[in-house]
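# Close look at the chain arrangement
Residue-level listing of the chains:
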Amino acid sequence: MSPFVHTYLMPNATAVKFAIKTTLAMMLALYVALFFDLERPYWALMSAAFLQIRPMSGMVIEKGICQLGGTFIGAVAGIIIMALFAQARIPALITLTGWIMLCTYVGSLWRNNYTYGCLMAAVTAMLIVVISSGSTPAGIFDIAVARLSELGLGAVCAMLVSSLLWPSHVGTHLATQADSVINEAFEHAALRLEASDDIPAMQKALRGSLGPLTLLESDSQAARFEGPVGPGRVRATHVLTRRTLRFLANLQALHQLMHDHADRLDPQSLELACQVARGFRDAEHDKGVAEARKTLQALRHLVHENNEETTLAPLDRRLRLGLRESIGHAMVMLDAREAIASPGRYQLRSSPLAWHRDHLAASINAVRSGLVFSLLAVFWIVTAWQSAMIAMMLGTLFSAFFASRDNPVMITMMFYKGMLAAIPSAFLFGHVLLSQANGFPLLALIFGTPLFLGLLGATNPATMGYCLSFTIFNIMLTMPGNGMDFSFDSFANRAIAVVIGLSSVVMGFRLLPGLGARLRRRRLIKAISNDIHELRRRSIRDAETRFNGHMADRLLHLAQHDDMLPEEQRHLFILGLTGLDLGTATLRLRDRLDDAPHPLIREAHQNVLRALAVGFEDSATGQSPQGIREAGKQLEDAIATHGDIPADRRMLLEGLIERLELALERLARIMTEHPDRAPAPPPQAPVQAAKPH
């Protein structure tokens, strides 16, 4: 069944409530704007619409603050540009292009609503400079105040309706997402520990866990606006993100060990792994965190008892230690789930994630936005066409808005199709019927109809891009106000302008699509390699915080990237998991051997860490790692000769170096099978990333 048919013939209660809430917020903003005779009431409409896309109270507040802050900064920037170049339009536009590029660049480095604030700073400055061209200083200031008033009005109306009508909270949403993360991760764990060959099932469970985890991490920041317990939820989310990714990296290593090297393992070890797999399935189906914890605790005791055997080979001991570590990660994940749901009773400590920022990708986004705006500005100057300002505004808005998405070309085309559908709708409802309306109630009934229909489909990921675009362009093509012009030529001018504006965005993303798969992989390898090398140079606490934060952010985005590719081309996420596994092992070695009593042990320890870091670089480029086993043997000899190392530290070392070498050899084979090449076009999948955060 078509997603549009399902959305409109069988809408769910959530979609209907969302459409009603957002339409009411928009109509309230429009009524107040008309009452106070604001110059451009449609900006209040669009402000209310964008803030209601994620209607949970904390998210609306956070986005409203970012919107107002970005608008204010953009207004100040626009006033400064016009103060410097009030009588020189070309220098003003050149300076404005630089400002738009700066806002796009900074916005591309963020992962939350600060990106939206940067977008508003760019658009507001553009509107002030373009609209006030030739105005007096007082007129420039009035335009800036008008933009602040219109956008602020929309934000206030959105927050008011969100708080009073069917209020929803970020905390409840986070708890639901955390359940999905843990359940799917446990299912993935069961498949991995059974050494399953069912790759599609493992990928499905992995995506089922990483999808909600990505949403959970990006949405958690809004929880701080929902009372004093909000920061506790944010910290618990960071804990869940870190532990889940370490859990998945550990499972990847164990699966590789059991699947590719089962002949080198004791059958009892393989049977123990199957018992743990069954335990994870039982924990997944247990009702409540307490019952799931009991199940995992029993598993932990079982693995601990079986690990006491002293006759085990190093790989068997490493496998059993890995099983115990996986169970430990899973138990912390359950604790984090409880802290998210009940932050007053359960509190966890965690530092914020250190985001991975790709400055080259941000620079490409900035150049693209500047190019799109420059071309449209030249078109405006050459033609002296008043409606070209609409094209300039849309080019600025969407070239910056889509830049931080993982699939901008596909999203842009979805918006383009939604815009084409909005043209006849806006002509019918916004001109033919609205021209006969008398009074605000009839205006709201007529104009609110296409808005409601568009918003009804905006909650379905498969139709969101089309329906959100349909709603926005109905507003842009109608431009409701007290002095509306219902002539056909004004409507035609606006329709042509929006087509030109969005077409320029499509061309911009076609000409400068961003980092390709080859360059992305090279930069990823370099970034992870640099972080692994840095693990040897920083203090353990600082190194762990930076590395885990960077890798968590990278893995979440790599999961989104790989999810858009065909099955046979999904290798970047495996690369990231291997890097996380290697870095975690490096930190564990440092924790136990940094304070070794003899300098020869410390020197051999550093050689092992260096060999592992270089081995990752070699494996990531398809070359077999060299020198790891030799460095590990030197360390073992140094410990045996000069060290009085406790049993638990020797146990850690036994089999760890061999397991890491096997993991890097497997990574080298995978990279050899996936030479640098451009990926196939991504399928027309549901576009979660189109949501404005």
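Residues numbered from 1 in each chain as written. Predicted model: local features only at pLDDT ≥ 70, side-chain atom pairs only at ≥ 80, totals over all residues. Heavy atoms only, no water.

Helix and strand counts for the protein come out as 26 helices and zero strands. Taken over C-alpha atoms, the radius of gyration comes to 28 Å for the protein, in line with the 26 Å a tight globule of 693 residues would show. Taken over the C-alpha atoms alone, the protein extends approximately 90 × 50 × 45 Å along its principal axes. Across the 693 residues in the protein, those meeting the buried criterion constitute 57%. Long-range contacts, defined here as pairs at least 24 residues apart, represent 81% of the contacts in the protein between residues at least 6 apart. Of the roughly 27,600 Å² of accessible surface on the protein, a fraction of 60% belongs to carbon and sulfur atoms. Seen as two clouds, the 64 positive and the 60 negative side-chain charges of the protein have centres 5 Å apart. (Helix = DSSP H or I, 4+ residues; strand = E, 2+ residues; numbered from the N terminus. Rg over C-alpha atoms; globule rule 2.2 N^0.38 Å. Buried < 20%, exposed > 50% of the residue type's maximum accessible area, 1.4 Å probe, protein only. Contact = heavy atoms within 4.5 Å. Areas by Shrake-Rupley, 256 points an atom, 1.4 Å probe, with all protein chains shown as cover. Lys, Arg positive; Asp, Glu negative; His and termini not counted. Charge placed at Lys NZ, Arg CZ, Asp CG, Glu CD.)

Right, let's get into the packing of aromatic side chains. Scanning the model with the defined rule gives 19 aromatic pairs in all. For the pair F247 and F280, a centre-to-centre distance of 5.6 Å together with 65° between the ring planes defines the contact as edge-to-face. Of this pair, F247 sits in helix α10 (residues 230-260) while F280 is found in helix α11 (residues 267-285), placing the two residues 33 residues apart along the sequence. With a relative accessible area of 0%, F247 lands in the buried category. Ring plane angle 50° and centroid distance 5.3 Å describe the contact between F427 and F491, whose orientation is recorded as tilted. Within this pair, whereas F427 is found in helix α16 (residues 408-433), its partner F491 is found in helix α19 (residues 488-511), the two being separated by 64 residues in sequence. For F491, a relative accessible area of 5% translates into the label buried. Aromatic ring contacts, followed pair by pair, group F50, Y116, F398, F401, F402, F415 and F473 into a single cluster. Directly above the ring of Y116 sits K63, whose terminal nitrogen or CZ lies 4.5 Å from the centroid. (Phe/Tyr/Trp six-rings, centres within 6.5 Å; stacked < 30°, edge-to-face > 60°. Lys NZ or Arg CZ within 6 Å of the ring centre and 35° of its normal.)

Quick look at helix α13 (residues 314-341) now. Over its 28 residues, α13 runs 41 Å from end to end, which matches the ideal 40 Å to within 8%, given 1.5 Å per residue. Counting buried residues along α13, 23 of its 28 residues qualify, which places the element largely inside the surrounding structure. (Expected span 1.5 Å × (residues − 1).)

Mapped onto the elements of the fold, I143 is located in helix α7 (residues 137-164). Along the chain, I143 and D489 lie 346 residues apart, while their C-alpha atoms are 26 Å from each other.

Throughout the structure, instances matching the rule amount to 19 salt bridges. One continuous salt-bridge network, built from bridges that share partners, spans E39, R40, R147 and E150. (Salt bridge = Lys/Arg side-chain N within 4 Å of Asp/Glu carboxyl O.)

Bringing the side chain of E284 into the picture now. Along the chain, E284 turns up in helix α11. Here E284 occupies a buried position and makes no salt bridge, while the nearest side chain of opposite charge, R281, is found at 5.5 Å. For E284, the contacting residues outside a window of four places in its chain are N183, F186 and E187.

Our focus in this paragraph is a nonpolar patch on the surface. A cluster of nonpolar residues, F72, I73, V76, I80 and L84, forms a patch on the protein surface that exposes about 480 Å² of accessible area. With respect to the helices, strands and loops of the structure, I80 is situated in helix α4 (residues 57-85). I80 sits in the partly exposed class, given a relative accessible area of 46%. (Patch = residues over 30% accessible without salt bridge, like charges linked within 9 Å, V, L, I, M, F, W, Y side chains within 5 Å.)

A few words now on unusual backbone geometry. A positive phi angle, close to 55°, is found at D37, a residue other than glycine. Positionally, D37 belongs in the loop between α2 (13-35) and α3 (41-52). We note that M479 has phi near 50°; this positive angle belongs to a residue other than glycine. Assignment of secondary structure puts M479 in the loop between α18 (464-478) and α19.

Below, the discussion takes up the side chain of S469. As for its placement among the helices and strands, S469 is situated in helix α18. A relative accessible area of 0% means that S469 is categorised as buried. Within the structure, the side chain of S469 is placed 3.1 Å from the backbone nitrogen of M419, a separation counted as a polar contact. Not counting residues up to four positions away in its chain, the partners in contact with S469 are F415, G418 and M419. (Polar contact = N/O pair within 3.5 Å; in protein donor to acceptor, adjacent residues only side chain to side chain.)

This part is about the nonpolar core. One finds M26, L96, M126, M393, F398 and F473 to be the most contacted residues of the largest nonpolar core, which totals 104 residues. The element best represented in this core is helix α6 (residues 114-131), accounting for 12 residues. Judged by nonpolar contacts, the second largest core, of 100 residues, contains I525, L587, F616 and I657. (Core = buried A, V, L, I, M, F, W, Y, C linked by side-chain atoms within 4.5 Å.)

A few words on the packing of helix α8 (residues 170-193) against α10. It is the contact of α8 with α10, at a shortest axis distance of 10 Å, that shows an interaxial angle of 10°. Here α8 is positioned roughly parallel relative to α10, judged by the angle of their axes. Across the interface between the two elements, G171, L174, A178, V181, I182, A185, F186, H188, A189, L191, R192 and L193 from α8 touch R233, T237, L240, T244, F247, L248, L251, Q252, L254, H255 and M258 from α10. Considered class by class, the residues forming the contact of α8 with α10 number 15 nonpolar, six polar and two charged. (Axes fitted to C-alpha atoms, helices over the stretch in contact; angles between N-to-C directions. Parallel < 35°, antiparallel > 145°, perpendicular 65-115°, else oblique. Nonpolar A, V, L, I, M, F, W, Y, C, P; charged D, E, K, R; others polar.)

Moving on: the state of the cysteines. Here the structure, examined in full by the defined rule, presents zero disulfides. Cysteine C103 is unpaired, with the sulfur of C118 as its nearest cysteine sulfur at 6.1 Å. (Disulfide = S-S within 2.5 Å.)

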